Amino acid sequence: MIHILHFIANNSSVPYFKWFAELSATDKNVKLSFAMLLNQRPTLIDEMKKLGIEVHWIYFDRTKRSVSMLRAIPKLYALMQRLNPDVVHTHLFDDSLPALFAGRLARVPVRVITKQDTAFHWYYAPKAVKYDRLNNKNATHIVAVSEECKEFILEKEKADPAKVHLIHHGIPIGLLTHQTEETRTLLRSKYNPNSKMIIGTVARIIEWKGYRYIIEAAAKLVKKHPGLHFLFAGEGAQKGELELLIKEKGLGDSISFTGLIDRQDIPSFYGIMDIYLHAAFMEPFGFVIAEAMANGVPVVSTPTGAARDSIRDGENGMLVRYKDPDSIVAGIERLLTLSHDERKRMGEKARQTVFELFRVEKTWENYLRLYRDAANKK
């Protein structure tokens, strides 16, 4: 029996925690537990009851991060002493810093960090890079979720190469491709009443997701192709700024913000898209890239995260340069030159690629192999 304790901060419920829990339920040699660092009772506690999996809540106020991290360390240490896990596994910076430190103090033999926020501090908060390196030091194993992520960890964070492992994130393909004609019809009526060609993006509306470059590209594309319409699904601090940019460029009739789409409706939302466009910079993985591909949508993306590892340019999608509206225009126009059937075949190739690379079952199997190999060497 191997006991694995996963940590995450600032999230009340995490989809892939639930996926892991369901997969672990079939293995009698695995005990899985979760610890959530949050300022309110996590909903995951109730979600895990039916599976008989413990969820531990550590109070954490992200508005007072430094103080909350310091206060969390003795609580996390006490939790680990009580549970005596074989593996602790962290995922984001706010949980990794205190949990890996506490895990080292508690002498947990296997301490894994999945680098889901790789490069954020490097580009947007450089004073915190030293803490990323501290996390790498306190971890016994570092998981990169893409080749780009792995290269960054080695080259910029100077991590020990012997610690670094590439394990792609995965998705439950059946669940995240479950579309209904009824939902697609409702979404078309709401977001595409004029039956235009839809180019969609699903991402937080923040700078490093690259929306401003999409808007610059859209200004050029709609002049030549007035039948295009761009849908931006998400929320974020940059929305007001982007709305002004859209107004300035006279794109109010060509770009719409949808807000957040209900999780259960996301597959059908992909189903109303003709093209999925992702312009992020240094996305560690990018679940939405895999989701769009799994739903058979031709993807145009910067070479980031899952896109670089899965898209064969011109075959199952299109790759474009970072922060380059002209490259985005060229990528979209390459798809527009294809017939509907050719784009559909490209989408089918993308779907097959996701099945080969990004199934959640494969992710879980790779994690279990890492845990067991590491535990056996201790």
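What counts, and at which threshold
Residues numbered from 1 in each chain as written. Predicted model: local features only at pLDDT ≥ 70, side-chain atom pairs only at ≥ 80, totals over all residues. Heavy atoms only, no water. Pairing = 2+ DSSP bridges. Helix = DSSP H or I, 4+ residues; strand = E, 2+ residues; numbered from the N terminus. Axes fitted to C-alpha atoms, helices over the stretch in contact; angles between N-to-C directions. Expected span 1.5 Å × (residues − 1). Bend = angle between axes of the 7 residues up to and from the residue. Contact = heavy atoms within 4.5 Å. Salt bridge = Lys/Arg side-chain N within 4 Å of Asp/Glu carboxyl O. Buried < 20%, exposed > 50% of the residue type's maximum accessible area, 1.4 Å probe, protein only. Core = buried A, V, L, I, M, F, W, Y, C linked by side-chain atoms within 4.5 Å. Phe/Tyr/Trp six-rings, centres within 6.5 Å; stacked < 30°, edge-to-face > 60°. Lys NZ or Arg CZ within 6 Å of the ring centre and 35° of its normal.

J.: Explain the sheet that holds strand β5 (residues 110-114) here, please?
T.: In a beta sheet, neighbouring strands pair by backbone hydrogen bonds and run either parallel or antiparallel. Read from one edge of the open sheet, seven strands run β3-β2-β1-β4-β5-β6-β7, paired in parallel fashion. Edge strands, defined here as strands with exactly one partner in the open sheet, are β3 (55-59) and β7 (164-166). Averaged over neighbouring strand pairs, the angle between their axes works out to 25° when direction is ignored. Note that strand β1 (residues 2-9) and strand β4 (residues 87-90) share three bridges and pair parallel.

J.: Even after reading the chapter, I still don't get helix α3 (residues 65-83), so can you show me in this structure?
T.: Taking 1.5 Å per residue, 19 residues should reach 27 Å; α3 reaches 25 Å between its end C-alpha atoms and fits that length. Bending of α3 peaks at approximately 30° at the position of alanine 72, with proline proline 74 no more than four residues after it. For α3, the elements touching its buried residues are β1, β2 (30-38), β3, β4 and α4 (93-105). Positive backbone phi, at 50°, marks asparagine 84, one or two positions downstream of α3.

J.: Where do I start with the pattern of salt bridges in this structure?
T.: Scanning the model with the defined rule gives 21 salt bridges in all. For glutamate 157, the salt bridge is made with lysine 115, and the minimal N-O distance between the two is 2.9 Å. Here lysine 115 lies in the loop between β5 and α5 (120-124) and glutamate 157 lies in the loop between α7 (147-155) and β7, a separation of 42 residues in the sequence. Taking the relative accessible area as the measure of exposure, glutamate 157 reaches 4% and is therefore buried. Lysine 115 sits in the buried class, given a relative accessible area of 3%. The partner of arginine 184 in a salt bridge is glutamate 181, with the nearest N and O atoms 2.6 Å apart. Taken together, the positions of arginine 184 and glutamate 181, both in helix α8 (residues 181-191) and three residues apart, correspond to about one turn of that helix. According to the relative accessible area criterion, arginine 184 is buried, its value standing at 17%. Assessed through its relative accessible area of 44%, glutamate 181 is described here as partly exposed.

J.: Teacher, can you tell me more about the nonpolar core here?
T.: If you look at soluble globular proteins, the nonpolar side chains tend to sit buried side by side. Core analysis: the largest hydrophobic core is formed by 71 residues, its most contacted members being Ile4, Phe34, Phe269, Tyr270 and Tyr276. No other element matches helix α16 (residues 360-377), which puts seven residues into this core. With 33 residues, the next largest nonpolar core counts Met197, Ile214, Val222 and Val329 among its residues.

J.: Any chance you could explain the packing of aromatic side chains here in plain terms?
T.: When we look at a pair of aromatic rings, we describe it by the centre distance and by the angle of the planes. The final tally for this structure, using the stated rule, is 18 aromatic pairs. The lysine or arginine in question, lysine 323, covers the ring of phenylalanine 281, its NZ or CZ lying 4.4 Å from the ring centre. It is arginine 359 that lies over the ring of phenylalanine 355; its NZ or CZ is 5.3 Å from the centre.

J.: Help me understand the environment of leucine 44, please; the structure alone is not making it clear to me.
T.: Checked against the element boundaries, leucine 44 lands in helix α2 (residues 44-49). The exposure class assigned to leucine 44 is buried, which follows from its relative accessible area of 0%. As a C-alpha pair, leucine 44 and glutamate 54 span ten residues in sequence and 9.5 Å in three-dimensional space. Leucine 44 has contacts with Ser12, Ser13, Phe17, Lys18, Phe34, Met36 and Val55, leaving out every residue within four places of it along the chain.

J.: I tried to follow unusual backbone geometry on my own but got confused; where do I start?
T.: Across residues other than glycine, the phi torsion is negative in most instances, and most of the peptide bonds are trans. With a phi angle near 50°, asparagine 84 is a residue other than glycine that sits in the positive phi range. Looking at the element boundaries, asparagine 84 is found in the loop between α3 and β4. Residue classification places asparagine 84 among the exposed positions, given a relative accessible area of 59%. The phi angle at lysine 323 is positive, at roughly 50°, despite the residue not being glycine. Checked against the element boundaries, lysine 323 lands in the loop between β13 (318-319) and α14 (325-336). Lysine 323 gets classed as partly exposed once you look at its relative accessible area, which sits at 45%.

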